[in-house]
Every structure is written in C-alpha cells, then in structure tokens.
Amino acid sequence: MADSNKTATLTFGDTTIDLPMMSPSVGPDVIDISKLYGKAGVFTHDPGFTSTSSCVSTITYIDGEQGELLHRGYPIDQLAEKSHYLEVCYLLLYGELPTATELEDFEYRVTRHTMVHEQMMNFFRGFRRDAHPMAVMVGVVGAMSAFYHDSTDISDPWQREVASIRLIAKMPTIAAMAYKYTIGQPFEYPRNDLDYASNFLRMCFAVPAEDYQVDPILSRAMDRIFTLHADHEQNASTSTVRLASSSGANPFASIAAGIACLWGPAHGGANQACLEMLREIGTVDRIPEFIARAKDKNDPFRLMGFGHRVYKNFDPRAKVMKKSADEVLDLLGIDNNPTLQVAKELEKQALNDPYFAEKKLFPNVDFYSGIILEAMGFPTSMFTPIFALSRTIGWVSQWKEMISDPGLKIGRPRQLYTGETRRDYVDVENR
Ligand code: SDX
C-alpha cells in the first residue's frame, strides 16, 4: 500500500482531526478519509467524483495536465506504434510485456475461446432488427452468465482467469453478431487462422456468398483503435464494473453493467454522437454556428468529442487517432473526406477560441475515431460496440485487480440528504 508519513489536519467548528495520507508512485497524494465519519461524524461530498480516489490501482496512469497515458508504465503512443492489441491485453492483465512464448500461448488461448455457445444465437432472434447493437451487447453479455457457469465463481482464481479469457475472446464475436443481426445477414464464425482484428473485420464484413480477404491496412487500423481504447483508469464504465462486482456479482453481469454505462453520449457513446454532429454541421461554413451554440449557456448542445474530465490538455489518444485517420483515408484513397475536413477545421477554430482555451477543452479519443470507423465501412451504430469490445480488457483487468484484493469491501457511498425530516402518516381522508 502507498502509505506515507504525511497527515492532513481537518478543522471544522471545535473539531480538529488528523487524517493519514497516501503517496502514489506518480500523481497526486491522497487523503485517506475512510475513518472520517467514524471519528468526526461527517461525510465528504463529491457527486461527480472530481476529487475522489476510489481505489488503489497499478494498471493505468493518466496525467491530465501533461496529456499523458501510461499502461503499466508504457506510454500509449509507443504501444499504439510498436505493440498490438493482444500484447496490450497481456500487459494490462498480467502487468508485464510478455516474452515471445508467453505471447504465443496467450494468443493461442484467446483465439480458441472466440466461439460462443451455439444456443446464444437464439438471444439475438429475440431483438428487433433495428435494435441498437449496444442494447444487444448488454443483453447477450449479461446472458453469458447463463452459459458459462464454470467461470462465475469469483473466489476461484482459475475461474477468474477463464472468465477473463472468455470475455476478451468472445466480445468481438458478439459485437460482430450484433452487427450482422441488424443488417439481416447470417452470422460468420470466427476463424483460428486470423489475428484478433482481422477475425473481427471478417466476422463483420464477410458473407457466405463469396470469399472475404481482410485488408491488412484496415486490420492494422482496427487493431490500433482497439489498443487506443483498451483502458483508461477509473472512468465511468470501469467504475461501474468495479462497483457492480464489489457485491460479488459474476464477471459477465458486471461487464454487462459496464457496457450499459459506456453507451451514454457523455462517455463511449460520444464517438457516434460526434460523427452525427459532424454530419449535421455538414460544411465548414457552418462551423461558427455550432461553436456559438456550444458556448451558449442556454443551449444544451456540446461539441461531441471535445472535453474530458481528466485531460486538460490534448488527449494523447486523439493525437494518434488523428494521424491514423489521415493514413487510413489516404491509403483507402478517400481524398477530401468532407467529414474529416469539417473535423479538422472545427478542431482548428475551437482550439483558437478563448472559450475552449479557458475551459481547457481539447479533442478527446472520440473526436476522430468515428471518421476512421466510417471509412472502414462501419455504421455509426457500431462505433460504441467497438469501443466496448476494445475496453473489455480494461474492465476485466480492473475487475481482476479489485477481486484479487483480500481487503475488498462492497462499494456503498453515503449522501447529503435534503429531503423531509421525520413526519407521521396522514390518512387519505385527512389529506
Ligand atoms: C470518454 O473518463 C474517461 O476517461 C472517459 C474516456 C475513456 O476512455 O473512458 O476518456 C472516454 O468518455 C471521452 C469523453 C467523451 N464525451 C464527449 O466527447 C462528450 C462531450 N464532452 C462533455 O460532455 C464533457 O467534456 C465531458 C463529459 C467529457 C466531461 O465533463 P466534465 O468533466 O463533467 O466537465 P463539465 O461538464 O463540468 O464541463 C466543464 C465546463 C462546463 O462549462 P461551465 O459550466 O464551467 O461554464 O466545460 C464545458 C461545460 O459546459 N464543456 C463543454 C464541453 N465539455 C465541457 N462545452 C462545450 N462542448 C463540450 N464538449
């Protein structure tokens, strides 16, 4: 534990209390308030958790001021350039980059868990064809706990390991099935001779009527998108997974809760919302109108793909994504993509506007990802399922870290109650 010899002194009214502090390997110190209520009879209050540390973790570190993102100490731009998604999965899950043998074994195990139970196909048929794929993923991933009973006992390290591999392996298959179902095409089975990203692309775009060759350019771009979305400290959906599984809920139900949270447009749903916004803007000459709306306190409109709770500088993932967007569109021969032109001009005008500078609002991971995904042939409704697929390793790694902690307690926040004080029931005839 990151104990420290520092203490914080809190004084209010005629109460003074010393609170222990804890020091990180990097980042801000924390004040341990876990005993505050017992000692002083007061709660702290932080509804959006803007200043609250919820756990001790060794997985991902973000420096919002510097725009830095480290996975087990390795910078995201180096991982995006030099590594690949399954190697990053190994790093996040086990803490170190794998040797060649370790990586080969891990890839072998994941590859051979990519099929889902054949009966799970029946779940899809219960949805309307026009159901959002995220609704399907929430339902089907939650239903995994009805099929994989031999990996739901979280007290058994072996079952935790099997559940982790199953979730990493089967999420692309489930996401591809959700997509195929919405477009009325038959499901495609995974293939063991393909790498993770190529397998997903083929399951999405292959049809029985003809062979499908995965374009290596698209496969590399897909893999990089997976890597850029893999984990991100204690974001809303990861915190949801931690809170859900703190009750002892099985890993499939807990990850389904994370998928549900990610769906929101303020979180993982922003990539879909951002592309829809760029399409609504349509042309560069309409950008000032939308920037004015984003600045108008009376208008709920926000620039999707802009701003971040932690990054008060460029989101390092957005930088890599922007470079990848240029490369992918160029390699696909999609010159002068109007959406990309609008995105680049919007970014330029927003970053030169005092409002965004003062509030430290920069493009985030969702600003460019949709442009690449659209160029790759995905409908906007598949953008957030791809985010969920990518983030599964983050959720699983954080879940495993929490569940393995012998000091685990169920998460149970308190509140500031401002409702009615005690009063007696009034019979209806006397109201
Ligand atoms: C993700 O947490 C993570 O790590 C998430 C994520 C991950 O990998 O898990 O990084 C993925 O969710 C990225 C964020 C995707 N969401 C969007 O792009 C939606 C648009 N962005 C905003 O809704 C907003 O920026 C949030 C939700 C991302 C962050 O909101 P905060 O931290 O609660 O900040 P805030 O709402 O208090 O905003 C601070 C100020 C406000 O103005 P004032 O009330 O101070 O006058 O900035 C303004 C906001 O109105 N503001 C924006 C804005 N974002 C914030 N104004 C216009 N456009 C925006 N996008």
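The rules we used
The residue numbers shown here count from 1 along each chain, following its written sequence. Selection of residues for local features in this predicted model requires a pLDDT of at least 70, selection of side-chain atom pairs for listing and counting requires 80 or more, and totals for whole chains, interfaces and linings are taken over all residues. With hydrogens and water excluded, all non-hydrogen atoms of the structure serve as input to the side-chain values. By convention in these notes, a residue is near a molecule or strand provided one of its non-hydrogen atoms lies within 4 Å of it. N or O atoms closer than or at 3.5 Å make up a polar contact, with two conditions inside protein: a donor-capable atom paired with an acceptor-capable one, and, for residues adjacent in sequence, both atoms drawn from side chains. Working definition of accessibility: Shrake-Rupley area with a 1.4 Å probe, residue cover restricted to the visible protein chains. Residue type decides the class: Asp, Glu, Lys and Arg count as charged, Ala, Val, Leu, Ile, Met, Phe, Trp, Tyr, Cys and Pro as nonpolar, and the leftover types, Gly among them, as polar. Note on aromatic contacts: the rings of Phe and Tyr and the six-membered ring of Trp form a pair at centre separations within 6.5 Å, being stacked when their planes are under 30 degrees apart, edge-to-face when over 60 apart, and tilted otherwise. Helix and strand labels come from DSSP, where a helix needs a run of H or I of at least four residues and a strand needs a run of E of at least two; each type is numbered from the N terminus. For each residue, the accessible area found with a 1.4 Å probe, counting protein chains only, is set against the maximum for its type, and the residue is called buried under 20%, exposed over 50%, and partly exposed in between. Two strands qualify as a pair provided DSSP detects at least 2 bridges between them.

Turning our attention to the site of the ligand. The local shell around the ligand holds 24 residues, among which H232, K297, H308, R309 and R317 are the closest. In this structure, a nitrogen atom belonging to the ligand sits 2.8 Å away from a main-chain N or O atom of L303. Starting from 1,000 Å² of accessible surface for the ligand in isolation, the protein chains cover 77%. Here the shell around the ligand is composed, by residue class, of 10 nonpolar, 7 polar and 7 charged.

Within the structure shown, the criterion is met by 20 aromatic pairs. Plain terms: the ring middles of Y85 and Y196 are 5.2 Å apart, the flat faces sit at 35° to each other, and that makes the pair tilted. Placement of the pair is Y85 in helix α3 (residues 85-94) and Y196 in helix α8 (residues 196-205), with a sequence separation of 111 residues. The same class applies to Y85 and to Y196, which are both buried. Taken together, the ring pairs in this structure connect Y85, Y179, Y196, F200, F205, F226 and F378 into an aromatic cluster.

We now examine the pairing of strand β4 (residues 60-63). The alternating pattern of β4 places T60 and I62 and Y61 and D63 on opposite faces, both of which are buried. For β4 and strand β5 (residues 68-71), the ladder comprises 4 bridges, and the chain directions are antiparallel. Directly across from T60, in β5, lies its bridge partner H71. Following β4, the chain reverses through 4 residues before pairing antiparallel with β5; G67 in that reversal takes a positive phi of roughly 65°.

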